[in-house]
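One-letter residues, chain by chain:
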Amino acid sequence: MKSIPVLANLLRMEDTTSRYFAAQAMASLVCNGSRGTLLSVANSGAAIGLISLIGCSDVDIYLLLEMSDEFSLVPYPDQVALERLFRVDDIRVGATSRKAIPTLVDLLKPIPDRPGAPFLALGLLTQLARDCPSNKIVMVEAGALEALTKYLSLGPQDATEEAATDLLGVLFNSAEIRKHESAFGAVNQLIAVLRLGGRGARYSAARALESLFSADHIRNAESARQAIQPLVEILNTGLEREQHAAIAALIRILSDNPSRALAVADVEMNAVDVLCRILSSNCTMDLKGDAAELCCVLFGNTRIRSTMAAARCVEPLVSLLVTEFSPAQDSVVRALDKLLDDEQLAELVAAHGAVIPLVGLLYGKNYMLHESISRALVKLGKDRPACKMEMVKAGVIDSVLDILHDAPDFLCAAFAELLRILTNNATIAKGGSASKVVESFFLLLNRPEFGPDGQHSTLQVLVNILEHPQCRAEHSLTSHQAIEPIIPLLVSSVPVVQQLAAELLSHLLLEEHLQKDLVTQQVIAPLIHILASGVHILQQRAIKALVSIAHIWPNEIAKEGGVSELSKVILQADPSLPHALWESAASVLACILQFSSEFFLEVPVAVLVKLLRSGSEGTVIGALNALLVLESDDSTSAEAMAESGAIEALLELLRCHQCEETAARLLEVLLNNVKIRDTKATKSAILPLSQYLLDPQTQAQQARLLATLALGDLFQNESLARTTDAVSACRALVNLLEDQPSEEMKVVAICALQNLVMYSRSNKRAVAEAGGVQVVLDLIGSSDPETSVQAAMFIKLLFSNHTIQEYASSETVRAITAAIEKELWATGNVSEEYLKALNALLGNFPRLRATEPATLSIPHLVTALKTGSEATQEAALDSLFLLRQAWSACPAEVSRAQSVAAAEAIPLLQYLIQSGPPRFQEKAEFLLQCLPGTLVVIIKRGNNMKQSVGNPSVFCKLTLGNTPPRQTKVVSTGPNPEWDESFAWAFESPPKGQKLHISCKNKSKMGKSSFGKVTIQIDRVVMLGAVAGEYTLLPESKSGPSRNLEIEFQWSNK
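Described in the following lines is the structure provided in the data block. Since the structure is predicted, the reported quantities are computational estimates derived from the model, not experimental observations.

### Observations regarding the overall build of the protein chain
Secondary structure assignment for the protein chain yields 66 helices and 8 strands. Taking 2.2 N^0.38 as the reference for a compact globule, 1054 residues should give roughly 31 Å; the C-alpha atoms of the protein chain span a radius of gyration of 64 Å, well beyond that estimate. Along the first, second and third principal axes, the C-alpha set of the protein chain runs to 230 × 55 × 50 Å. Looking at the protein chain as a whole, 56% of its 1054 residues qualify as buried. For the protein chain, long-range pairs separated by at least 24 residues make up 71% of all intrachain contacts whose partners lie at least 6 apart in sequence. With an accessible surface of roughly 44,500 Å², the protein chain has 51% of that area assigned to carbon and sulfur atoms. Side-chain charges in the protein chain split into 92 positive and 115 negative, and the spacing between the mean points of these groups amounts to 13 Å.

Here's what the structure looks like:
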């Protein structure tokens, strides 16, 4: 040990011989000494002295070499000692090595007297660099990269060139060194070695380039592209080892840049052809695996995939799959996966029977391989039902399930995608194999780190299977198994996951036991949240799920804000919105409304109106009920309903005979609103309502009644009654009356017609042409008083002018007369409406006054005058007055008959003149002056008929016009005779202006022959009916009281 410092000093001497033999001693110590000895040598600094001897020319040390040979010493002790020292790890990574490296790097520069130094220095540097990153850094800092690059540019011998490239390869294994600025300069020199270097050097250069191409800035540089052609040439002509290296380098340079792969395809020797030859050869499986890996990289380029060379690779690649075990299988599968991106090649792969071998590789725990297989099978299965069935028959589902439990998430996602493709086929989805995956896939959804892609595929698989009722029936899934895993996915940030979660939920909730499960309540809030997203497809899936539970949990849906969100969905104006979406939303909302009326006020009127257009009767009924309640609570809501299109929707319901009664009820309520009736929109309701009444399919009587009432409401508006569509309403209402409806409906229809004809001549014409006159004449004879009266009112309006004068006939008068007679018999009274109707006919059509029915009406008019109310009396008086006006133009027999009949009214007329309303007096007087009657004069007694002797025999003589005189009997009882005797004269017309002359005479022979005369004007009695008084005889007595007669006058029809 003590000699080591001495020897170290000798190594520093200038004398070559001393240094040489000191090196011999050191070599002996190092080769035979203990580890401690080696460390002592290293610590002595001997390494630098040993390095100074490296590479000396044999000529310069010829004598020393001979002497070494003579004494059996090693010829080059410096090399032996350094090589042995640097084997020791502590020395190799220690300070000795760090100090030696710069000296060794300096030897890479050409030294004339030490020609072997570079090669030996390369060996030592390589030894120091292997597995020692710190030494590599020291070398780079010492300028090793620049030195090596420059050395290679000098064209060294093959062995030295190989050693230099080998050292570069070792250095470039370090990512830190690859980033060094000098690393980029080595690329071109290494490429030059690939082109011109020896076989071994090319191998080392390829490996060095492989390492360099791990650095993005080097791989993406244009200079890197220059390496492709020589690498392909090595691939084509090199030994297997070289081919390995070339493939590795090519993979590095092409893996992240598929477009650069075209450079490989464009070189003189197409690399794909070379790879195909390798794959088909008897070379090792390792090389085939590397070739397959490069194929995988190259086939990422569409243009390369489309070449015939790529197609020729299919068969050898598929054949490698059937090898019992091969490390190449991973690469082969990935290469095939790339080829399957081309549809034609996919067909070729399938035709070469790749399915079964691929499925056969799904075992064990090679998860990366399994993922590649899954991707390949997915591509093979797309649009190829036969391949899918082949996979299933080969047991792919069972194989997946065997691996699934312990598989990492990424593989589970790949498996889910594979099964998604398979179960897109309904036959497979409904098959027994697919059924096995359900429970396992629900468990996948519970994985905390399972990504959105995997969730998407897993959910789609479950949807594909469980959308079939028979598949759901095979599983007794609990809410814990099936519902709970879905709940978090309903609030996923990935829309497609939300969509599928909601869709799967909608299928599951078709099962009654899951609908009623308490866990199901937990899905309501997320589903309502989805509705708020505004994404149609998401909304559609969420609503589909809600539809299944709406009848069980309506209150819970409402409490979570469902009413508001459902209303927003329904009100969406997007024309692309699927009808099924809002229809389903309407169904859910209808369930809420049917559950409790408390939610009626929460639903916007516009939403309720839109629900009326639903195809579901339950939805429509719910909306109708809600709207009716709203209108009853707040009449102003009716206007909002109309503005939202309620009238049009209700008319459509009637047209389709859907919910007719309730729809008609609401429609009538709306049209009975004055503000709504005044809007222009109501005009469009006339024709549909008319058509509804005319439709033979309209059988609901209550709906017909309400529709008729709605028409009546409309025509309270004069402008609507004047529209052209009103004509169709006239026809419809007449047709309705012809169908013998209920009395209530008759009244409603007649009232509607009254409104129509009140304002429009064309409507009158339409009614008449539709047969309305005869219909109403039949109705006026109805046993129902209200119907009959309304019919009379209608006749009055119908014949209020000459529009339909050709329809005014004696039969019309007869019908009214019969109605009057009927009511008089039934009640002893008569409605003035009958009389007003009669007046309308008689007043507007004088020709009817002379008809037989008009004559027959007179007794009833007299009775009405006698028993009726003031209004009835007035109407009857008007009728008689109208009839009287025609007597002068009538045939004599008609006027005679009518006047005789009317004469029965004389006492009534006289009463009306005296006690009736003043407005009656003129007409009553006029009638009395025209009616035939009888004048009765009653001579009651005389007073003061005295004579001087005895009692006189007194009698009276009466003279009236040209009629023969009349006289009383002779009374001789004293001065105050009593006759109480009546005299009657019949007149065709009242005796206008005539006077009654009465003379009182004495038949006794004693006394005066005459007591006097009196002349009385009789006109007054006609009007008063009866007049009585004392009439003084003229000339008056000159002595004593005056003589007079007590006389009573009567004018009557008797």
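### Examining the sheet that holds strand β1 (residues 933–943)
A sheet is described by the order of its strands in space; here 4 strands give the open sequence β4-β1-β8-β7, paired in antiparallel fashion. The open sheet has two free edges, formed respectively by β4 (978–987) and β7 (1026–1032), since each of these has just one partner strand. Sheet twist, expressed as the average angle between the axes of neighbouring strands with direction ignored, equals 20 degrees. With 9 bridges joining them, β1 and strand β8 (residues 1044–1052) adopt antiparallel strand pairing. If you follow Val 936 over to β8, its bridge partner there is Gln 1050.

### Regarding the nonpolar core
Grouped together as the largest cluster of nonpolar side chains are 379 residues, with contacts concentrated most on Phe 299 and Phe 442. Counting residues per element, this core draws most heavily on helix α31 (residues 409–423), which supplies 10 residues. Look past the residues within four positions of Phe 299 in its chain and what remains in contact with it is Val 272, Ile 304, Arg 305, Ala 310, Cys 313, Leu 317, Ala 335, Lys 338 and Leu 339.

### Let's talk about the sheet that holds strand β6 (residues 1010–1017)
Pairing within the open sheet is antiparallel, and its 4 strands lie in the order β3-β2-β5-β6. Of all strands in the sheet, those with a lone pairing partner are β3 (966–967) and β6, marking the two edges. Of the pairings in the sheet, the one linking strand β2 (residues 954–960) to strand β5 (residues 995–1002) comprises 7 bridges and is antiparallel in character. What sits directly across from Leu 960, in β5, is Leu 996.

### Structural notes on the packing of aromatic side chains
As enumerated under the stated definition, the model contains 5 aromatic pairs in all. With centroids separated by 5.8 Å and ring planes inclined at 90 degrees, the aromatic side chains of Tyr 1031 and Phe 1049 adopt a geometry described as edge-to-face. Pair noted here: Tyr 1031 is in strand β7 and Phe 1049 is in strand β8, with a separation of 18 residues, a long-range link. You'll find Tyr 1031 and Phe 1049 in the same group, each marked buried. Across the ring face of Tyr 203, the terminal group of Arg 241 is positioned such that the distance to the ring centre comes to 3.7 Å.

### Some thoughts on the packing of helix α22 (residues 285–298) against helix α25 (residues 329–339)
Close contact between α22 and α25 brings their axes to 8 Å; oriented N to C, the two are set at 25 degrees. Taken together, the axes of α22 and α25 are roughly parallel relative to one another. The chirality of how α22 crosses α25 is left-handed. Across from Gly 289, Ala 292, Glu 293, Cys 295 and Cys 296 in α22, the residues of α25 making contact are Ser 331, Val 332, Arg 334, Ala 335 and Lys 338.

### Points about helix α21 (residues 271–280)
Of all 10 residues that make up α21, 7 are buried, and the element is covered over most of its length. By the burial criterion, the buried members of α21 are Ala 271, Val 272, Val 274, Leu 275, Cys 276, Ile 278 and Leu 279.

### Notes on the side chain of Ser 372
Structurally, Ser 372 is set in helix α28 (residues 367–381). Judged by relative accessible area, Ser 372 falls into the buried class, the value being 4%. Leave out the neighbours within four places in its chain, and Ser 372 touches Val 333 and Arg 334.

### Things to note about the pattern of salt bridges
Enumeration over the complete set of coordinates arrives at 37 salt bridges. Residue Asp 89 pairs with Arg 92 through a salt bridge whose shortest N-O separation is 3.2 Å. Highlighted residues: Asp 89 and Arg 92, both in helix α7 (residues 89–92), separated by 3 residues, approximately one helical turn. Taking the relative accessible area as the measure of exposure, Asp 89 reaches 48% and is therefore partly exposed. For Glu 371, the salt bridge identified is with Arg 375, shortest N-O distance 3.9 Å. One end of the pair, Glu 371, and the other, Arg 375, are both in helix α28, 4 residues apart, so they sit about a helical turn from each other. According to the relative accessible area criterion, Glu 371 is buried, its value standing at 19%. Among the ionic contacts, a cluster of salt bridges with common partners joins Asp 337, Asp 341, Glu 371, Arg 375 and Lys 379.

Here is what the cut-offs are and how they apply
Residues numbered from 1 in each chain as written. Predicted model: local features only at pLDDT ≥ 70, side-chain atom pairs only at ≥ 80, totals over all residues. Heavy atoms only, no water. Helix = DSSP H or I, 4+ residues; strand = E, 2+ residues; numbered from the N terminus. Rg over C-alpha atoms; globule rule 2.2 N^0.38 Å. Buried < 20%, exposed > 50% of the residue type's maximum accessible area, 1.4 Å probe, protein only. Contact = heavy atoms within 4.5 Å. Areas by Shrake-Rupley, 256 points an atom, 1.4 Å probe, with all protein chains shown as cover. Lys, Arg positive; Asp, Glu negative; His and termini not counted. Charge placed at Lys NZ, Arg CZ, Asp CG, Glu CD. Pairing = 2+ DSSP bridges. Axes fitted to C-alpha atoms, helices over the stretch in contact; angles between N-to-C directions. Core = buried A, V, L, I, M, F, W, Y, C linked by side-chain atoms within 4.5 Å. Phe/Tyr/Trp six-rings, centres within 6.5 Å; stacked < 30°, edge-to-face > 60°. Lys NZ or Arg CZ within 6 Å of the ring centre and 35° of its normal. Parallel < 35°, antiparallel > 145°, perpendicular 65-115°, else oblique. Left-handed = near helix turned anticlockwise from the far one by under 90°. Salt bridge = Lys/Arg side-chain N within 4 Å of Asp/Glu carboxyl O.

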